[in-house]
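Observations on chain architecture
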Amino acid sequence: MTAQADIGLVGLAVMGQNLALNIADHGYSIAVFNRTTATTHKFVDSDEAKGKAVIACDTMEDLVANLKTPRAIILMVKAGEPVDQQIAMLQPLLEEGDIIVDGGNSQFMDTRRRDEALTAAGLNFMGTGISGGEEGARNGPSIMPGGTAKAYSKVGPIFQAISAKVDGEACCVHIGTDGAGHFIKTTHNGIEYADMQMIAEVYHLMKNLLGMSTAETAEAFTAWNEGDLDSYLIEITADILGQIDQDTGQHIVDLILDRAGQKGTGQWTSVSALELGVPAPTIAEAVFARNITALKDERVAAEKILGKASPSFDGDKAAFLTDLRDALLASKICAYAQGFALMQAAKDEFGWDTDFGKVSMIWRGGCIIRARFLNRIKEAYDRDPGLKNLLLDPYFREVVEKGDGAWRRVVGTAIANGIPVAALGSALSYYDAYRTGRLWADLIQAQRDYFGAHTFERTDREGWFHREWMKN
Ligand code: NBP
């Protein structure tokens, strides 16, 4: 058999199929394999794949034999154990210099482990974040490839070709070695959790505090999408809120059970933040907020026992709606500030050479958090490549300062009315804590020293001290 395919792909569920079609559309031939063979043939014989340079392979051996060398194979299987299983099957069939790309949402420490093992075996491993879901995979995702620069030079042209384009630029850039690509993708998802939660809290306030109808909330989000909040998530929010269920004639969102699911990337981001000691409270609050929605039955029962709050608003509704918009923008800046600070800490910890200006550029298209706002982040990193926190950039500082009053009115009014605003409130507390030179940790240190002799530093002299608190 003459090896003819430019690239291989393992895993033909929704992401794998769409990615394969996208690759074929860009002039590359692709050999595909799926654990369940029937899926492979159903896909290759489908109207969408017919006539394209997509080669069905029934076995891994067949797949490997069909690839030009050095071989490059993308895994698009369920994260976790399936990735290890597919690697174990592929590895004995490959030769030095071949490349395995894991395009799924793998945990970055798994990627580091796999990278180490495969590098030792003479192979290249590229943990690659691919964002944008089904639509992105088909028409242009944002791609975050990790791995060595040498491996990237081989598959980079294909990734660049199939990625989303914004202002003619490909939404794909080499992120750094080993787990860098998957870490950045995971953090992207963590920011996405926070962004979604903050939008949901604002929507909840529109309905439950201001008494707006669902149609009115759709109009508000549509209008906001014309300004600084212009983003994919605001756009789809407006679209969702405007859609009517054909069976009942009601807004579909009003019929959806309020119990959120999750696949774990928000949790991973929060765990990484805890492990690296980086404050990312708004991302973590967004995960906890989903967890509390999951307690649907318990909440319904608790409402009967504890009683829910009865909000009332007698202020200027139009003015408060503008406050909501400004509070959302300021909170969003804090969530991004936390995500970028987390990525900076991981870069320092693992020795990656990630360029955050470029990361913000490749998130402008093909991914869920794509937004006008990301150009501003790029400009901030252009101004100061060593920027410690987005809040310190002059542009973001000004936006947050301008929204300060609105933000406090929104969080304060929500709390006074018993409406939960975990993400908006935590973003505000993050901002306030970050800009306060002296916080409460004097007392924390004293307490730790009191019960555990953990010692403390003093502001008036050098060194570590212990006090015999109980002898006083
Ligand atoms: P799924 O995550 O649902 O995985 C299904 C695929 O994994 C099928 O091809 C299945 O083969 C294969 N698979 C499983 Br399950 N266990 C396997 C095993 N032990 N060995 C070999 N193959 C196995 O697919 P997806 O939604 O297309 O996502 C693929 C990856 O992309 C995941 O890591 C996901 O987190 C990530 N991702 C998904 C999205 C999205 O919007 N869906 C977005 C971004 C990233 P089978 O046909 O034989 O069961």
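Each chain carries its own residue numbering, running from 1 in the written order of its sequence. A pLDDT threshold of at least 70 governs which residues receive local features in this predicted model, and a stricter bar of 80 or more applies before side-chain atom pairs are shown or counted, although totals over entire chains, interfaces and linings include all residues. Each side-chain value is worked out from all heavy atoms of the structure, with water and hydrogens disregarded.

So, the site of the ligand
Defined as follows: We call a residue near a molecule or strand when any one of its heavy atoms sits within 4 Å of it. Pairs of N or O atoms within 3.5 Å make up the polar contacts considered here, provided that, within protein, one atom can donate a hydrogen while the other can accept it, and that residues adjacent in sequence are counted only when both atoms are side-chain atoms. Where accessible areas are quoted, they stem from the Shrake-Rupley method and a 1.4 Å probe; at the residue level, only the protein chains shown are allowed to cover. Where helices and strands are cited, they refer to DSSP runs of H or I of at least four residues and of E of at least two residues respectively, numbered from the N terminus. Gly counts as polar in this scheme, as do all residues outside two lists: the nonpolar Ala, Val, Leu, Ile, Met, Phe, Trp, Tyr, Cys and Pro, and the charged Asp, Glu, Lys and Arg.
Near the ligand lie 19 residues; those nearest to it are Met15, Asn34, Thr36, Gln85 and Gln86. Contacts to the ligand include valine 14, whose backbone N or O atom sits 3.4 Å from an oxygen atom. A distance of 2.9 Å is found between an oxygen atom of the ligand and a side-chain nitrogen or oxygen belonging to arginine 35. Burial of the ligand by the protein amounts to 80% of the accessible area it has alone, namely 900 Å². For the shell around the ligand, the secondary structure elements donating two or more residues are helix 1 (14–25) and helix 4 (81–90). Per-element tally for the shell around the ligand: the top contributor is helix 4, with three residues. Its residues assigned to classes, the shell around the ligand shows nine nonpolar, eight polar and two charged.

Thoughts on the side chain of serine 270
Stated formally: Burial classes follow relative accessibility: with a 1.4 Å probe on protein chains only, a residue under 20% of its type's maximum area counts as buried, one over 50% as exposed, and anything between as partly exposed. Two residues form a contact once any of their heavy atoms are found within 4.5 Å.
Inspection of the secondary structure puts serine 270 in helix 11 (residues 265–276). A relative accessible area of 10% places serine 270 in the buried class. Among all residues touching serine 270, those that are not within four sequence positions of it are Ile283, Ala284 and Val287.

Describing the packing of aromatic side chains
To keep things clear, this is the line we draw: Two rings from Phe, Tyr or Trp (for Trp, the six-membered ring) form a pair when their centres sit within 6.5 Å of each other. Planes less than 30 degrees apart are called stacked, planes more than 60 degrees apart edge-to-face, and all others tilted. Throughout this description, the term charge over a ring refers to an Arg CZ or Lys NZ atom that lies within 6 Å of the ring centre and within 35 degrees of the ring normal.
Within the structure shown, the criterion is met by 19 aromatic pairs. A centroid spacing of 6.2 Å and a plane angle of 80 degrees characterise the contact between phenylalanine 108 and tryptophan 352, whose relative ring orientation is edge-to-face. Highlighted residues: phenylalanine 108 in helix 5 (residues 108–120) and tryptophan 352 in the loop between helix 14 (317–350) and helix 15 (356–362), separated in sequence by 244 residues. Both rings, one in phenylalanine 340 and one in tyrosine 381, keep their centres 5.7 Å apart while their planes meet at 35 degrees; by these two values the pair is tilted. On the criterion of sequence distance, the pair formed by phenylalanine 340 in helix 14 and tyrosine 381 in helix 16 (residues 373–383) is long-range, its members being 41 residues apart. A network of ring pairs unites the aromatic residues Phe108, Phe183, Phe350 and Trp352 as a single cluster. The aromatic ring of tyrosine 193 is capped on one face by arginine 290, whose charged end is 3.7 Å from the ring centroid.

A few points about helix 8 (residues 180–208)
Test applied: One less than the residue count of a helix, multiplied by 1.5 Å, gives the span that helix is expected to have.
Over its 29 residues, helix 8 runs 42 Å from end to end, which matches the ideal 42 Å to within 8%, given 1.5 Å per residue. Taking burial as the measure, the 29 residues of helix 8 include 24 buried ones, the bulk of the element.

Things to note about the domain arrangement of the protein
Filter applied, for reference: Boundary definitions for the domains trace back to an automatic or database domain assignment.
What the domain assignment reports for the protein is domain 1 (7–178), domain 2 (185–434) and domain 3 (441–471). On a C-alpha basis, the centroid separation for the pair domain 1 and domain 3 is 54 Å.

Things to note about unusual backbone geometry
The amide bond that connects threonine 69 to the next residue, proline 70, takes the cis arrangement and shows omega of -10 degrees. Turning to its location among the elements, proline 70 is positioned in the loop between helix 3 (60–65) and strand 4 (72–75). With a phi angle near 35 degrees, aspartate 178 is a residue other than glycine that sits in the positive phi range. You can see aspartate 178 is positioned in the loop between strand 9 (169–170) and helix 8.

What about the pattern of salt bridges?
Using the following cut-off: Salt bridges are identified by distance alone: a Lys or Arg side-chain nitrogen within 4 Å of an Asp or Glu carboxyl oxygen.
Tallied over the full model, the rule gives 28 salt bridges. With its nearest N and O atoms 2.8 Å apart, the salt bridge here joins aspartate 460 to arginine 458.

Regarding the side chain of threonine 128
In this structure, threonine 128 sits in strand 6 (residues 124–131). Beyond its immediate stretch of four places on either side in the chain, threonine 128 contacts Val101, Asp102, Gly103, Gly104, Ile143, Met144, Pro145, Gly146, Phe159 and His182.

Considering the sheet that holds strand 4
We apply this condition: Pairing between strands is defined by DSSP: at least two bridges between the two strands are required. Working convention: axes come from line fits to C-alpha atoms, limited for helices to the stretch in contact. Angles between N-to-C directions cover 0 to 180 degrees.
Taken in spatial order, the seven strands of this open sheet run 3-2-1-4-5-6-7, and their pairing is mixed. Pairing within the sheet leaves two strands with one partner each, and these edge strands are strand 3 (54–56) and strand 7 (142–145). Shown here is a sheet whose adjacent strand axes are inclined to one another by a mean of 25 degrees, direction ignored. Two strands pair when backbone bridges link them, and strand 5 (residues 99–102) and strand 6 are joined in this way by four bridges, in the parallel orientation. Residue pairing in the sheet places isoleucine 99 in a bridge with asparagine 124 of strand 6. Strands strand 5 and strand 6 of the sheet are contacted by helix 5, whose axis makes an angle of about 150 degrees with strand 6.

Looking at the nonpolar core
Selection criterion: Remark: nonpolar core denotes a set of buried residues (Ala, Val, Leu, Ile, Met, Phe, Trp, Tyr, Cys) joined through side-chain atoms within 4.5 Å.
By size, the foremost hydrophobic cluster in this structure holds 88 residues, and its most contacted members are Phe221, Trp363, Leu390 and Trp407. For this core, the leading source of residues is helix 14, giving 18 residues. Here this core spans two domains, since at least three of its residues come from each of domain 1 (7–178) and domain 2 (185–434). Ignoring any residue separated from it by four or fewer positions in sequence, one finds tryptophan 407 in contact with Ala327, Ala330, Ser331, Cys334, Val400, Leu424, Ala427, Leu428 and Tyr431. Counting 31 residues, the second-largest nonpolar core is a separate cluster that includes Leu21, Val32, Val44 and Ile143.

Description of the environment of histidine 188
Mapped onto the secondary structure, histidine 188 falls in helix 8. Separated by 235 residues in the primary sequence, histidine 188 and alanine 423 have C-alpha atoms spaced 17 Å apart. Contacts of histidine 188, omitting those with residues within four sequence positions, involve Ser131, Trp363, Cys367, Ile368 and Ile369.

Topic: the packing of helix 11 against helix 12 (residues 281–294)
The condition that has to hold: Orientation labels follow simple angle bins: below 35 degrees gives roughly parallel, above 145 gives roughly antiparallel, 65 to 115 gives roughly perpendicular, and whatever is left gives oblique. Here a crossing is taken to be left-handed if its near helix is turned anticlockwise relative to the far helix by less than a right angle, and right-handed if that turn runs clockwise.
The N-to-C vectors of helix 11 and helix 12 enclose an angle of 140 degrees; their axes lie 9 Å apart at closest approach. Relative to helix 12, the element helix 11 lies oblique. Read as a crossing pair, helix 11 and helix 12 show a hand that is left-handed. Contact with helix 11, carried on its side by Gly266, Gln267, Thr269 and Ser270, involves Ile283, Ala284 and Val287 of helix 12 and no other residues of that element. Here the residues of the contact of helix 11 with helix 12 are counted per class, giving three nonpolar, four polar and no charged.

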